[in-house]
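Remarks on the overall topology
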Amino acid sequence: MNYNFKILNSTYRTINYINKLLVNYPKKEVILKNNIERTCYEAVEFIFAYNINNTDRIREKNLKDLVIKLSMLDFYMRVSFDKRLISSHQYEVTGRFITEIRKMVYGLLRRRNEVNEEVKK
């Protein structure tokens, strides 16, 4: 299976899970809810941008931006948990999903760096 599609599939699964949680957010938390939704879809944009671009520097930047979005998503879920909008189980599940994606992205970054070092030699 293509590594990039694995990242996209895991992101899609994570977004679906988070969207099911967002339905239960109260109206007074509309800003938090919108930030979570926006961050999820921006993460997908970075995955597609990585797949489309051919320049190594731009592709690496897209992966790093994806890591930033994943960190923000993790932060928003922590805020949601602290505000008691999601349960501890839901927080743990989203944390595992985000950690899984983050590990794949870091692995891809590491692999790209190893390949670039071999090419330089």
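All of the points below concern the structure found in this document. (Residues numbered from 1 in each chain as written. Predicted model: local features only at pLDDT ≥ 70, side-chain atom pairs only at ≥ 80, totals over all residues. Heavy atoms only, no water.)

Structural notes on the nonpolar core
For clarity, the cut-off: We call a set of buried Ala, Val, Leu, Ile, Met, Phe, Trp, Tyr and Cys residues a nonpolar core when their side-chain atoms join them within 4.5 Å. Using a 1.4 Å probe on the protein chains alone, a residue whose accessible area is under 20% of its type maximum counts as buried, one over 50% counts as exposed, and one in between counts as partly exposed. Numbering of helices and strands runs from the N terminus; a helix is a DSSP stretch of H or I covering at least four residues, while a strand is a stretch of E covering at least two. We call two residues in contact when some of their heavy atoms are within 4.5 Å.
Ranked by size, the top nonpolar core spans 30 residues in total, and within it Ile-7, Ile-18, Tyr-25, Ile-36, Leu-66, Met-77 and Val-105 carry the most contacts. Looking at this core, the elements with two or more residues in it are α1 (3-22), α2 (30-52), α3 (56-82) and α4 (88-120). Not counting residues up to four positions away in its chain, the partners in contact with Ile-18 are Ile-36, Cys-40, Leu-73, Met-77 and Thr-94.

As for the side chain of Arg-102
Going by this rule: Only four residue types enter the tally: Lys and Arg on the positive side, Asp and Glu on the negative side, with His and both chain ends excluded. Put simply, a salt bridge is a Lys or Arg side-chain nitrogen that is within 4 Å of an Asp or Glu carboxyl oxygen.
Relative to the elements of secondary structure, Arg-102 occurs in helix α4. Within the buried core, Arg-102 has no salt-bridge partner, and the shortest N-O distance to an opposite charge, that of Asp-74, equals 4.0 Å.

Points about the packing of aromatic side chains
Our working definition: Aromatic pairing here means that ring centres of Phe, Tyr or Trp (its six-membered ring) are within 6.5 Å. Orientation follows from the plane angle: under 30 degrees is stacked, over 60 is edge-to-face, and everything else is tilted.
For the coordinates displayed, the defined rule picks out 3 aromatic pairs. Look at Tyr-17 and Phe-97: their rings are 5.7 Å apart centre to centre, the planes differ by 80°, and that puts the pair in the edge-to-face class. On the criterion of sequence distance, the pair formed by Tyr-17 in helix α1 and Phe-97 in helix α4 is long-range, its members being 80 residues apart. Look at Phe-97 and you get buried, because its relative accessible area is 17%. Taking the centre distance of 5.1 Å and the plane angle of 10° together, the rings of Phe-81 and Tyr-91 count as stacked. Taken together, the residues span a long stretch of sequence, with Phe-81 in helix α3 and Tyr-91 in helix α4 at a distance of 10 residues.

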